[in-house]
Amino acid sequence: MEKIIDESKQGEQLITQNKNGNTRKLFIESYGCQMNFADSEVVASILANDGFDTTKNLEEADLVLVNTCSIRDKAEQTIRKRLEKYNAVKRDHNPKMKVGVLGCMAERLKEKFLEEEKIVDLVVGPDAYKDLPNLITDVEGGQNAVNVILSKEETYGDISPVRLHSNGVTAFVSITRGCDNMCTFCVVPFTRGRERSRDPQSIFKEITDLTEKGFKEITLLGQNVDSYLWYGGGLKKDFKNAPEIQKATSVDFSSLLNTVATKFPKLRIRFSTSNPQDMSMDVVHTMAKHRNICKHIHLPVQSGSNRILKEMNRQHTREEYMALVDNIYKTIPEISLTQDMIIGFPTETEEDHNDTLELIKYVKYDHGFMFSYSERPGTMAGRKMEDDVPLAVKKRRLQEVIDTQRAVGHERLKLHLGKTEEVLIETTSKKSDAHWAGRNSQGSMVVFPKENYKIGDFVNVKINDCTTATFLGDAVGYSDNN
Ligand code: SAH
Ligand code: F3S
């Protein structure tokens, strides 16, 4: 799910309103997936209650926190470069500044971070953010502090995140944390721990709060939203071995989605990410039933080859995936599907690669997020398999995959031309002050002249043209969702 945060947002800082009595200054920025961005809002909320206001100015910060990503080596290198920058600011302008790392790199490297990066005073993993006030007290007393203990329970369901990453229109709501799937390439199960689901009541409360503040769209977030399961109290440890003990009060993802869509009929609802092995047709039927659930599924497959899927420990075959896709299109023909692909996984042959290209042509994804395999220390593939596809081959195959995706994506996007679609205005277009930008139900960006519409309006827009990823159109009036 990590590429959905667009590149321009990487490193985005968080600014909160000043709170009476707060005296210390926090500079916090986020890299990586949507979950990291959502977590930073939880952290800012915890620290607002501990005497910190946020600042965008490194030179005046008492505390700098960076929420980090470990998914590929390049993500970690980006963070190391940021630490060099903090170092320079500390040396030249702000000797009192303390530096903490949060997120997946903190969890992966633990105490080693303190040795490898002298600038770092504080290392805090994704399940330990409530301990931040104590750890900061240690740091201010001149000690280094580390808490990287993963939890089986923590969901931060009781913390109301500050919403200031946001445009005031769209927000993230976490519903699960962690992942139990153990794909062999993936560091997430090691850095974010066991899968756990958040109490539905706390989810409804957070969404109510968002709607009262005027938010119009939420994205339910989890590494694996389809395995959301709230047990209705008790018996949960035995659930997987003895499904018959599931309580009538338990809530799975399709019923959560159904309840949210019913309770909040004017709210647009998105979700991410769906692992194909856990995605059920119940979810698809729920999507079909509710107009306010957006018609988009991010359905990463990683490879089109059965042999590679097996090596990756993905629990489905190419054929099962294709059957799922067929059923989804049959139920919701206008749906957009998007993918993540890993190119050049160990032992990948030309034949495996061709299977990936063919699968993309079969599914006709609207968009995709495609990256070369990056070996991650500690993962099963990192330990047991040699990263044996040469860089030049990875690069060539990646380009072929990107070109194939672009071609099928364009074919899908063209189907929207001439149609009138509901768009939720999020922001001014990056390219023109005279245009709004917002997304249609399928999640594609639509840009159109501003006229008298404003941010947060649902507008019907006639789609006239498309570039590789964006539609251009003209508003024809408000939609009836306002
Ligand atoms: N939970 C999501 C994925 C989370 S990680 C799922 O079910 O698929 C986000 C994406 O990062 C993955 O889909 C994968 O395409 C990519 N990724 C993860 N580990 C990687 C690695 N070692 N090298 C390259 N890409 C990787
Ligand atoms: Fe990673 Fe696979 Fe979970 S990609 S996040 S281990 S579903």
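Residues numbered from 1 in each chain as written. Chains lettered and ligands numbered in written order. Predicted model: local features only at pLDDT ≥ 70, side-chain atom pairs only at ≥ 80, totals over all residues. Heavy atoms only, no water.

The subject of this paragraph is the domain arrangement of the protein. Domain boundaries assigned for the protein yield domain 1 (7-147), domain 2 (170-414) and domain 3 (420-478). Inter-centroid distance (C-alpha atoms) of domain 2 to domain 3 is 27 Å. Across the boundary between the two partners, domain 2 contributes 17 residues, which contact 17 residues of domain 3. Together, the buried faces of domain 2 and domain 3 total about 1400 Å²; carbon and sulfur atoms form 50% of this surface. Ranking the residues of domain 2 by area buried against domain 3 places K216, R268 and L413 at the top, with a combined share of 40%. Taking the shortest distance from any N to any O, the salt bridge between E422 and R291 comes out at 3.4 Å. For the interface between domain 2 and domain 3, the tally reads 10 residue pairs in polar contact (both at pLDDT 80 or more). Class assignment for the residues of the side of domain 2 that touches domain 3 results in three nonpolar, five polar and nine charged. (Domains from an automatic or database assignment. Contact = heavy atoms within 4.5 Å. Buried area = accessible area lost by both parts, 1.4 Å probe. Salt bridge = Lys/Arg side-chain N within 4 Å of Asp/Glu carboxyl O. Polar contact = N/O pair within 3.5 Å; in protein donor to acceptor, adjacent residues only side chain to side chain. Nonpolar A, V, L, I, M, F, W, Y, C, P; charged D, E, K, R; others polar.)

A few words now on the pattern of salt bridges. The final tally for this structure, using the stated rule, is 36 salt bridges. We note a salt bridge from R24 to E140, for which the minimum N-O separation is 2.8 Å. Here R24, found in strand β2 (residues 24-30), pairs with E140, found in helix α5 (residues 132-140); they are 116 residues apart in sequence, far enough to count as distant. In this structure E140 comes out as partly exposed when scored by relative accessible area, which is 42%. The closest approach of N and O atoms between R376 and E76, which form a salt bridge, is 3.2 Å. With R376 in the loop between β17 (367-372) and α13 (380-384) and E76 in helix α2 (residues 73-92), this residue pair connects regions lying 300 residues apart in the sequence. Residue R376 is classed as buried on the basis of its relative accessible area of 2%. A residue is classified by how much of its surface remains accessible, and E76, at 3% relative accessible area, is buried. By sharing partners, the salt bridges in this structure join E217, R268, R270, R291, E422, E426, R439 and D480 into a single network. (Helix = DSSP H or I, 4+ residues; strand = E, 2+ residues; numbered from the N terminus. Buried < 20%, exposed > 50% of the residue type's maximum accessible area, 1.4 Å probe, protein only.)

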